[in-house]
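For reference, the chains in residue letters:
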Amino acid sequence: MSSIFRQEVLAMSAYKVTNAQGLIKLDAMENPYNWPEDLKLDWLTALKDCALNRYPDPEALELTQTIKRIYHIDDQFEVMLGNGSDEIIQLLLMALPSDASVLAPAPGFVMYKQLSDCLGLNYLSIPLQAGNFDLDLPAMLETIQRYQPSVIFLAYPNNPTGNLFSQSAMLEIINVAKGLVVIDEAYAPFADASFIDALPDHDNLLIMRTVSKLGLAGLRLGYVIGRPAIIEQLNKIRLPYNINSLTQLSANFALNNHALFDQQTQKICQERPVVFNQLNTLPGIIAYPSAANFILFKTPTDQASRIFLAIKHQGVLIKDMSAQGGLLSDCLRVTIGKPEENLAFIMALRNCL
Ligand SMILES: *Cc1c(COP(=O)(O)O)cnc(C)c1O
């Protein structure tokens, strides 16, 4: 196949997802809670009138307006929807010149690199500081000066480390960068922190969010907020019907009932310190502080993969990050689940130390 496909594609490996059947699923930052029965019935009633014989609204106007209203997005900014925020990352990178550079700290969200590599872009990653996982500001600034990246991704909070980078370092990067800076707020529902209020002051800033971690991962819906001049360009390469009718209708329905998700994310936030404290009482385990719905933790040297498998054999699926090396050596990541799921995880971990 080497004569058919681009070298970049041949060199890639596919994004693998472990089969979670029969396991307590604490690997993918999903909300563990379902909807009450009466809300499900109301949703089904709304679905009944969905015209599947017609193409969806290409602008998803109603849903876009709901998002703007609920999240108090100022009218001077535009919102573009994506089939998950993954698609927004892809669209943004597809719009760049083929010799463009893309910058993100490491460790970071894998899709930034995966999609940059696929498009043959020059992907630059700067290690976070060891110990607190904050940005290495001098190294970031030097790389920006030297390569003038077209796009910089900063996840706030960061995945997989869970922390919020220093606000002043982020602002300095936004100020210095001549290219776009995308603040990826996938974990905003758990964080109590956002750069949305900085939008009016910086014309190179984009805020990207998703409903996935909020509790709607199955719908595949992300969105990006920014100046009309930027969104206009991205809209040109967006496929016209990228948000299907069922997603438009269901997301609109769910967001109009966002009080439920607020309660659920609150419960998850209440469980987070419980899991954090339990992890840190276990011998040889160091849990890192998190503002997201997951916790990264370090295991004793060269034990991470063994511990991951031993936990899995006890029926709990988490995520083994250790193969990525660097700051993630010996690290595992667990998503905060229901209290009983978290307990099962802690028991399973304790059994194999
Ligand atoms: C999960 C995640 C996303 C992707 O979200 P989708 O909307 O489900 O595609 C983007 N960024 C970060 C940092 C994430 O952790």
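Here, every reference points to the structure presented above.
Our subject in this report is the structure included herewith. What you see as residue numbers is a count from 1 along each chain, following the sequence as written. Local features in this predicted model are restricted to residues of pLDDT 70 or higher, and side-chain atom pairs are both shown and tallied only at a pLDDT of 80 or more, whereas totals for entire chains, interfaces and linings draw on every residue. Where side-chain values are given, they derive from all heavy atoms of the structure, hydrogens and water being excluded.

Below, the discussion takes up helix α3 (residues 61–70). Those residues of α3 that fall on the buried side of the exposure criterion are Leu63, Thr64, Thr66, Ile67 and Ile70. Buried positions in α3, seen along its axis, are confined to an arc of 160° and lie on one side of it. Opposite its buried face, α3 presents the exposed residues Glu62, Gln65 and Arg69, each directed more than 90 degrees away. Elements are defined by DSSP. Helices are runs of H or I of four residues or more, strands are runs of E of two residues or more, and each kind is numbered from the N terminus. His72, located one to two residues past α3, shows a positive phi value of around 50°. Working definition: with a 1.4 Å probe on protein chains only, accessible area under 20% of the residue-type maximum means buried, over 50% means exposed, and in between means partly exposed. In this description, the arc belongs to the directions extending from the helix axis to the C-beta atoms.

This next bit is on the site of the ligand. To be near a molecule or strand, a residue needs just one of its heavy atoms within 4 Å of it. The local shell around the ligand consists of Gly84, Ser85, Asp86, Phe109, Asn159, Asp184, Ala186, Tyr187, Thr210, Ser212, Lys213 and Arg220. Between the ligand and the protein, one listed contact pairs an oxygen atom with a backbone N or O atom of Ser85 at 2.7 Å. Distance and chemistry together define a polar contact, namely a pair of N or O atoms within 3.5 Å, with one atom able to donate a hydrogen and the other to accept it when in protein, and with adjacent residues in sequence counting only for side-chain atoms on both sides. The side chain of Asp184 places a nitrogen or oxygen atom 2.6 Å from a nitrogen atom of the ligand. Sorting the residues of the shell around the ligand by element identifies α4 (85–94) and α8 (212–216) as the ones contributing at least two each.

Turning our eyes to something else, we now look at a nonpolar patch on the surface. A surface patch of nonpolar side chains, about 490 Å² in accessible area, is lined by Met1, Ile4, Phe5, Val9 and Leu10. Take Met1: it is sitting in the segment before α1 (7–11). Its relative accessible area of 65% is what places Met1 among the exposed residues. The residues that make up patches have over 30% relative accessible area and no salt bridge, and they are joined within 9 Å when like-charged or within 5 Å when they are Val, Leu, Ile, Met, Phe, Trp or Tyr. Accessible areas in this description were obtained via Shrake-Rupley with a 1.4 Å probe; residue shielding takes into account the shown protein chains only. Counted as salt bridges are all cases of a side-chain nitrogen of Lys or Arg within 4 Å of a carboxyl oxygen of Asp or Glu.

Across the interface, helix α11 (residues 258–281) lies against helix α13 (residues 339–351) with an axial gap of 11 Å and an inter-helix angle of 10°. Looking at the two axes, α11 sits roughly parallel to α13. Here α11 contributes Glu271, Val275, Gln278 and Leu279 to the contact with α13, which in turn contributes Pro339, Asn342, Leu343, Phe345, Ile346 and Leu349. Think of it as three bins: nonpolar holds Ala, Val, Leu, Ile, Met, Phe, Trp, Tyr, Cys and Pro, charged holds Asp, Glu, Lys and Arg, and polar takes everything else, Gly as well. Tallied by class, residues from the contact of α11 with α13 come to 7 nonpolar, 2 polar and 1 charged. Interaxial angles span 0 to 180 degrees and are taken between N-to-C directions of axes, which are lines fitted to C-alpha atoms, for helices over the stretch in contact. Between 65 and 115 degrees an angle is taken as roughly perpendicular, under 35 as roughly parallel, over 145 as roughly antiparallel, and anywhere else as oblique. We call two residues in contact when some of their heavy atoms are within 4.5 Å.

Within strand β8 (residues 222–226), 5 of the 5 residues are buried, which leaves the element mostly enclosed by the surrounding structure. Burial of β8 is two-sided: the residues Gly222, Val224 and Gly226 facing one way and the residues Tyr223 and Ile225 facing the other way are all buried. Note that strand β2 (residues 78–82) and β8 share 5 bridges and pair antiparallel. Across the sheet, residue Leu81 finds its bridge partner in β8, namely Tyr223. A pair of strands is treated as paired once DSSP finds two or more bridges between them.

A few words now on the pattern of salt bridges. Counted according to the given criterion, the structure contains 8 salt bridges. The closest approach of N and O atoms between Glu8 and Arg6, which form a salt bridge, is 3.7 Å. Relative accessible area serves as the criterion here: at 30%, Glu8 is assigned to the partly exposed category. Linking Glu185 and Arg209 is a salt bridge whose minimum nitrogen-to-oxygen distance equals 3.1 Å. Note that Glu185 is positioned in the loop between β6 (180–184) and β7 (205–210) and Arg209 in strand β7, a separation of 24 residues in sequence. No difference in accessibility class separates Glu185 from Arg209, as the two residues are buried. Salt bridges sharing common partners tie together Lys25, Asp27 and Glu30.

Moving on to the nonpolar core. Core analysis: the biggest nonpolar cluster contains 56 residues, and Leu81, Leu135, Ile152, Leu154, Ile173 and Ile183 have the highest contact counts within it. Here this core spans two domains, since at least three of its residues come from each of domain 1 (2–30 + 259–351) and domain 2 (52–255). With sequence-adjacent residues up to four places away left out, Ile152 is seen in contact with Leu103, Met140, Ile144, Ile173, Ala177, Leu180, Val181 and Val182. Put simply, buried Ala, Val, Leu, Ile, Met, Phe, Trp, Tyr and Cys residues joined by side-chain atoms within 4.5 Å make one nonpolar core. Ala20, Ala292, Ala304 and Ala310 belong to the second-largest nonpolar core, a separate cluster that totals 33 residues. Note that domain bounds follow an automatic or database assignment of domains.

As a further point, take the packing of aromatic side chains. Each pair of aromatic rings taken from Phe, Tyr and Trp, with Trp reduced to its six-membered ring, is defined by centres within 6.5 Å and is described as stacked if the planes are under 30 degrees apart, edge-to-face if over 60, and tilted in the remaining cases. Overall, the coordinates contain 11 aromatic pairs when judged by the stated rule. For the pair Tyr112 and Phe153, a centre-to-centre distance of 4.3 Å together with 5° between the ring planes defines the contact as stacked. Separated by 41 residues along the polypeptide, Tyr112 in helix α5 (residues 110–118) and Phe153 in strand β5 (residues 151–155) bring together distant segments of the chain. The residues Tyr112 and Phe153 share a single accessibility class, namely buried. Here the aromatic rings of Phe133 and Tyr288 are separated by 4.9 Å at their centres, their planes lie at 75°, and the arrangement is edge-to-face. Of this pair, Phe133 sits in the loop between β4 (122–127) and α6 (137–147) while Tyr288 sits in the loop between β9 (286–287) and β10 (294–298), placing them 155 residues apart in sequence. Accessibility assignment for this pair places Phe133 and Tyr288 in one class, buried.

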